[in-house]
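# Close look at the chain arrangement
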Amino acid sequence: MNGNAETDLQRILAYHERTKHRLERYAAGPETLDWSAQPDPFRSFAGAERIPLPLTADALSATYSDLHRPGALVPQALTLESVALLLELSLALSAWKEYGPDRWSLRCNPSSGNLHPTEGYVVCRNVEGLEDGVYHYFSREHALERRAQPVETNAGGGPPCLFIGLSSIHWREAWKYGERAFRYCQLDTGHAIGALRYAAAALGWGLRLVNSAGTGEIASLLGLDRTANFIGAEAEEAELLLEVTAASGTVSSLPLFGDLDWTGTANVLDSHPMYHWPVIDEVAAASRCPGGAQPAPPTAVYPPRSGLPTVTASTLIRQRRSAQRFDRNFEWEADECYALLDALLARECAPWDVWNSAPALHPVLFVHRIKGLAPGLYALPRTASAESKLRSALRQDFAWTQPEGCPAHLPLFLLAEGGCMAAARTIDCHQAIAADSAFALGMLAEFEDTLNTAPWRYRRLYWEAGLLGQALYLEAEARGLRGTGIGCYFDDAFHELLGLSGKAFQSLYHFTVGKPLSDPRITTEAPYVRTPA
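Residues numbered from 1 in each chain as written. Predicted model: local features only at pLDDT ≥ 70, side-chain atom pairs only at ≥ 80, totals over all residues. Heavy atoms only, no water.

### Things to note about the overall build of the chain
- Secondary structure assignment for the chain yields 14 helices and 21 strands.
- Here the chain has a C-alpha radius of gyration of 22 Å; the compact-globule value for 533 residues is 24 Å, and the two agree.
- Each principal axis of the C-alpha atoms in the chain carries an extent, and together these give about 65 × 55 × 50 Å.
- Long-range pairs, those at least 24 residues apart, make up 81% of the contacts in the chain between residues at least 6 apart in sequence.
- Counting every atom, the chain has about 21000 Å² of accessible surface; 50% of that belongs to carbon and sulfur. (Helix = DSSP H or I, 4+ residues; strand = E, 2+ residues; numbered from the N terminus. Rg over C-alpha atoms; globule rule 2.2 N^0.38 Å. Contact = heavy atoms within 4.5 Å. Areas by Shrake-Rupley, 256 points an atom, 1.4 Å probe, with all protein chains shown as cover.)

Given below as structure tokens:
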């Protein structure tokens, strides 16, 4: 590890430690919130040509089961209409909600606090109906804003190619959560990766993370380093680039264009920010990826998934919600729980085939109300090597027995039997949803080994956690339940419960699944209302 990497690692570890919530105090955040002055949740670019996109998800017949069977769907052609459908099922609004004088939007990609720091970009060449260039996705209107076009046209033609870029606006989260906001921006990036992968699968497409592109190259490609376009406005931090692999499955090379002609000025989201959190800029700089080729990880082989719900994929994706309350009298069936957990194993299908690293996040479950599964603590190591590491790192008196009736290929182990509702509630910042659910879980990351190899993988650990969260959201929804991601938890209190010490494993995200209770006072409206031409 060179000197710069060592410094980056020290800054990342220092950030992670200072932003832990503790039983005696929470991580640094704003002392007060004025909800009437919440930042604008929608980034737009004044002066950029705006292209309304069609809304066609209702006509899509693909089922949720189809998304998990490679080759089940004929790939759609890369056109303006199919690009619009990809965005409609991933980064678009899914509904508007109203309660009294308040009105707010929901999106297909979940977000911490519904603050949505993640911005989406389309980079395309030779896509039918869409001119070559770089576009920002304006989710409020389901439209593309043309940020850049090539100075010279691509007269030679060639196969179509499509990239989706993601960025984060840190202030959207920091406004509410302070220094811990960088964590939540990375989790939301992971949610968006999952949302895009499921949406691409519904179109018969593959999706891959472009590892060769570093943070700086992505920022330049998306125009995020053009400071003149962001004067007075909140900056965007480049996160990643994803490539759609459609019928041919071919991979395109960067750069895509020569010189570009840029237009558009970013809007100001918050005219009067009350706080500033310099440590967020520091950890962002320390965790930027240099880019370059990465070796493909070994893949484990699991039996194909079976008995998947056949609900229409577009319906399921758009009805996904975060539960606010759970029915504490509900008991779930063990077989259904096993099927949901089976979805977290890294098979070569959506959503895991977007990911090109070995699994590094491993759930530890607080089981509360599952028929045929004793209440208690359970572990789900997602690789054989992680099982060995966890057995060594966790309390030595844990049982490590596989429950009777658990599928042989599912690495679910009972650690300690007994009621754990009070512990789950306390660890998850005293939130009732952690105890009222069928189960709650915390995701342990292989932290020290991962960061010692490459400090910039700090972001990717959170992306993987968010990807796991998106799988949990849709799997729960497909089974008539609902999930809720929990970013507020007492980091070290959870570690202490498990007997963890040091930095070999760290908890990065918590989640809970149960039977939701709805609030009839909240009304729901369609995400988009368009007047017929």
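### Things to note about the sheet that holds strand S4 (residues 102-107)
- Strand order in the open sheet made by the 3 strands is S4-S3-S21, with antiparallel pairing throughout. Strands with a single pairing partner mark the edges of an open sheet, and in this sheet they are S4 and strand S21 (523-525). Going across the sheet, the axis of each strand differs from the next one's by a mean of 30 degrees, ignoring polarity.
- Note: strand S3 (residues 93-99) against S4, 6 bridges, orientation antiparallel. (Pairing = 2+ DSSP bridges. Axes fitted to C-alpha atoms, helices over the stretch in contact; angles between N-to-C directions.)

### A word on the pattern of salt bridges
- For the coordinates displayed, the defined rule picks out 36 salt bridges.
- The partner of Glu 336 in a salt bridge is Arg 479, and the shortest N-O contact between them spans 3.5 Å. Of the two residues, Glu 336 sits in helix H8 (residues 334-342) while Arg 479 sits in the loop between helix H13 (457-478) and strand S19 (482-486), which places them 143 residues apart along the sequence.
- The exposure class of Glu 336 is partly exposed, given its relative accessible area of 32%. (Salt bridge = Lys/Arg side-chain N within 4 Å of Asp/Glu carboxyl O. Buried < 20%, exposed > 50% of the residue type's maximum accessible area, 1.4 Å probe, protein only.)

### Observations regarding the packing of helix H3 (residues 170-177) against helix H4 (residues 181-202)
- Taken N-terminus to C-terminus, the directions of H3 and H4 make an angle of 130 degrees; their axes are 8 Å apart at the nearest point. Our classification of the angle between H3 and H4 gives oblique. When you trace H3 past H4, the crossing you get is right-handed. Across from His 170, Glu 173, Ala 174 and Tyr 177 in H3, the residues of H4 making contact are Ala 181, Phe 182, Tyr 184, Cys 185 and Asp 188.
- Per-class residue counts for the contact of H3 with H4 are 6 nonpolar, 1 polar and 2 charged. (Parallel < 35°, antiparallel > 145°, perpendicular 65-115°, else oblique. Left-handed = near helix turned anticlockwise from the far one by under 90°. Nonpolar A, V, L, I, M, F, W, Y, C, P; charged D, E, K, R; others polar.)

### Details of the state of the cysteines
- One pass over the structure, following the stated rule, counts 1 disulfide.
- Cys 488 supplies the cysteine sulfur nearest to Cys 185, a cysteine that is in no disulfide, at a spacing of 16 Å.
- Cys 185 sits in the buried class, given a relative accessible area of 0%. (Disulfide = S-S within 2.5 Å.)

### Some words on the side chain of His 16
- Relative to the helices and strands, His 16 resides in helix H1 (residues 3-18).
- Here Gln 506 takes part through its side chain, which lies 3.4 Å from a polar atom of the side chain of His 16.
- Every residue in contact with His 16, bar those within four places of it in the chain, is listed here: Arg 183, Phe 447, Tyr 458, Tyr 462, Asp 491, Gln 506 and Leu 508. (Polar contact = N/O pair within 3.5 Å; in protein donor to acceptor, adjacent residues only side chain to side chain.)

### Things to note about the side chain of Ser 44
- Among the structural elements, Ser 44 can be located in the loop between H1 and strand S1 (45-46).
- Judged by relative accessible area, Ser 44 falls into the buried class, the value being 15%.
- Not counting residues up to four positions away in its chain, the partners in contact with Ser 44 are Arg 50, His 136, Phe 138, Glu 145, Thr 265, Ala 266 and Asn 267.

### Observations concerning H8
- Restricting attention to buried positions, one finds in H8 the residues Ala 334, Cys 337, Tyr 338, Leu 340, Leu 341 and Asp 342.
- Taken together, the buried residues of H8 touch strand S13 (332-333), strand S14 (361-367), strand S15 (370-371), strand S18 (439-446) and H13.

### Overview of the pairing of S14
- With 7 of 7 residues buried, S14 is to be regarded as a mostly interior element.
- What you see with S14 is no split at all: Leu 361, Pro 363, Leu 365 and Val 367 on one side and His 362, Val 364 and Phe 366 on the other are buried throughout.
- Bridge count between S14 and S18: 7 bridges; the pairing is antiparallel. Following the sheet pairing, His 362 is matched in S18 by Leu 444.
- Alignment of S14 against strand S16 (residues 376-379), held across 4 bridges, turns out to be antiparallel. By the bridge assignment for S16, Leu 365 is matched with Tyr 378.

### Focus: unusual backbone geometry
- For the bond from Ala 350 to Pro 351, the omega torsion is 0 degrees, close enough to zero to count as cis.
- Among the secondary structure elements, Pro 351 is positioned in the loop between H8 and S14.
- In this structure, His 116 takes a positive phi of about 55 degrees despite not being glycine.
- In this fold, His 116 is placed in the loop between S4 and strand S5 (118-125).
- The exposure class assigned to His 116 is buried, which follows from its relative accessible area of 3%.
- The backbone phi angle of Cys 429 is positive, close to 55 degrees, even though this residue is not glycine.
- Look at Cys 429 and you get buried, because its relative accessible area is 9%.

### Here's the deal with the packing of H4 against H13
- H13 packs onto H4 with a crossing angle of 50 degrees between their chain directions and a minimal axis gap of 6 Å. It follows that H4 is oblique to H13 by the angle criterion. Between H4 and H13 the crossing geometry is right-handed. Contacts between H4 and H13 pair Phe 182, Arg 183, Gln 186, Leu 187, Thr 189, Gly 190, His 191, Ile 193, Gly 194, Ala 195 and Tyr 198 from the former with Tyr 458, Arg 459, Tyr 462, Trp 463, Ala 465, Gly 466, Leu 467, Gln 470, Ala 471, Tyr 473 and Leu 474 from the latter.

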